[in-house]
Amino acid sequence: AANGQAFCWGRSNAGQLGSGTFSDATTPRPVSAQVPFAAVTAGSVHSCAVGRDGSSWCWGRNTYGQLGDGTTTDRSVPVQVRVISRVTSLDAGAAHTCASTGARDSYCWGYNVSGQVGRGDRDNSPSPFKVVLPPR
């Protein structure tokens, strides 16, 4: 919406609607946001958003740390992603999330069984990891 309010609907067994409840919704519900959002992305059972102030927020299933808050606790309201600021874009995968900043830095976190966090290992990451990109 023009005022930065996000809306979600559908299944919410892990809080992925961000409305503060674990109840499903057949109509759009407002996400309980602390800041206006510029963009929202949805993974399989979690969602994330970029705040207009460059902050990043995630909610829903957190089994592998895909919310980036340093825990593996499911959240029914948005929690701020740790460490990163000035986020320009977010992309939620099935169970991991990646972000880009205005400084051309990239971060990923969450499920890492195939190395999708970019850390060079296969351990899950509940906090953002700065991905080292090859030179241009």
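Read on for a plain summary of the structure.

Our focus in this paragraph is the pairing of strand 3 (residues 37–42). Taken together, the five bridges between strand 3 and strand 4 (residues 46–51) define a ladder with antiparallel strand orientation. Of the residues in strand 4, the one forming a bridge with F37 is G51. Adjacent in sequence and paired antiparallel, strand 3 and strand 4 are bridged by three residues.

Turning to the state of the cysteines, a few remarks are in order. Summed over all chains, the structure comprises two disulfides. With a sulfur-sulfur separation of 2.1 Å, C48 is cross-linked through a disulfide to C58. Because the torsion about its S-S bond is 105 degrees, the bridge between C48 and C58 counts as right-handed. With a gap of 10 residues between them, C48 in strand 4 and C58 in strand 5 (residues 56–60) connect regions that are remote in the sequence. Classification of C48 by relative accessible area gives buried; the value is 0%. The class of C58 is buried, set by a relative accessible area of 0%. Two residues, C98 and C108, share a disulfide whose sulfurs are 2.1 Å apart. Its torsion about the S-S bond being 110 degrees, the disulfide of C98 and C108 is classed as right-handed. Note that C98 is positioned in strand 8 (residues 96–101) and C108 in strand 9 (residues 106–110), a separation of 10 residues in sequence.

Our focus in this paragraph is the packing of aromatic side chains. As enumerated under the stated definition, the model contains two aromatic pairs in all. Plain terms: the ring middles of F37 and W59 are 5.9 Å apart, the flat faces sit at 15 degrees to each other, and that makes the pair stacked. Of the two residues, F37 sits in strand 3 while W59 sits in strand 5, which places them 22 residues apart along the sequence. On the basis of relative accessibility, which here comes to 5%, the residue F37 falls in the buried class.

In this section: the sheet that holds strand 6 (residues 75–80). Reading across the sheet, the four strands line up as 3-4-5-6 and stay open at both edges, with antiparallel pairing between neighbours. Here the strands that pair on one side only, and so sit at the sheet edges, are strand 3 and strand 6. Across the sheet, the mean angle separating the axes of adjacent strands is 20 degrees when strand polarity is ignored. Both strand 5 and strand 6 contribute to a ladder of three bridges, which runs antiparallel. What sits directly across from G60, in strand 6, is R75.

Conventions and cut-offs
- Along each chain, residue indices are assigned from 1 in the same order as the chain's sequence is written.
- Predicted model: local features are reported for residues with pLDDT of at least 70 only, side-chain atom pairs are reported and counted for 80 or more only, and whole-chain, interface and lining totals are derived from all residues.
- Note that water and hydrogens are dropped before the side-chain values are worked out from all heavy atoms of the structure.
- In this analysis, strands are considered paired if DSSP registers two or more bridges between them.
- A run of DSSP states H or I qualifies as a helix once it reaches four residues; a run of E qualifies as a strand once it reaches two. Both are numbered from the N-terminal end.
- Here, a disulfide means two cysteine sulfur atoms that sit within 2.5 Å of each other.
- Residue exposure (1.4 Å probe, protein chains only): buried if accessible area is under 20% of the type maximum, exposed if over 50%, otherwise partly exposed.
- Ring pairs shown here join Phe, Tyr and Trp side chains whose ring centres sit within 6.5 Å, with only the six-membered ring taken for Trp; geometry is labelled stacked below 30 degrees between planes, edge-to-face above 60, and tilted in between.
- Only C-alpha atoms enter the line fits that serve as axes; for helices the fit covers just the stretch in contact. Angles between N-to-C directions range over 0 to 180 degrees.

Honestly, it's all geometry; don't read function into it.
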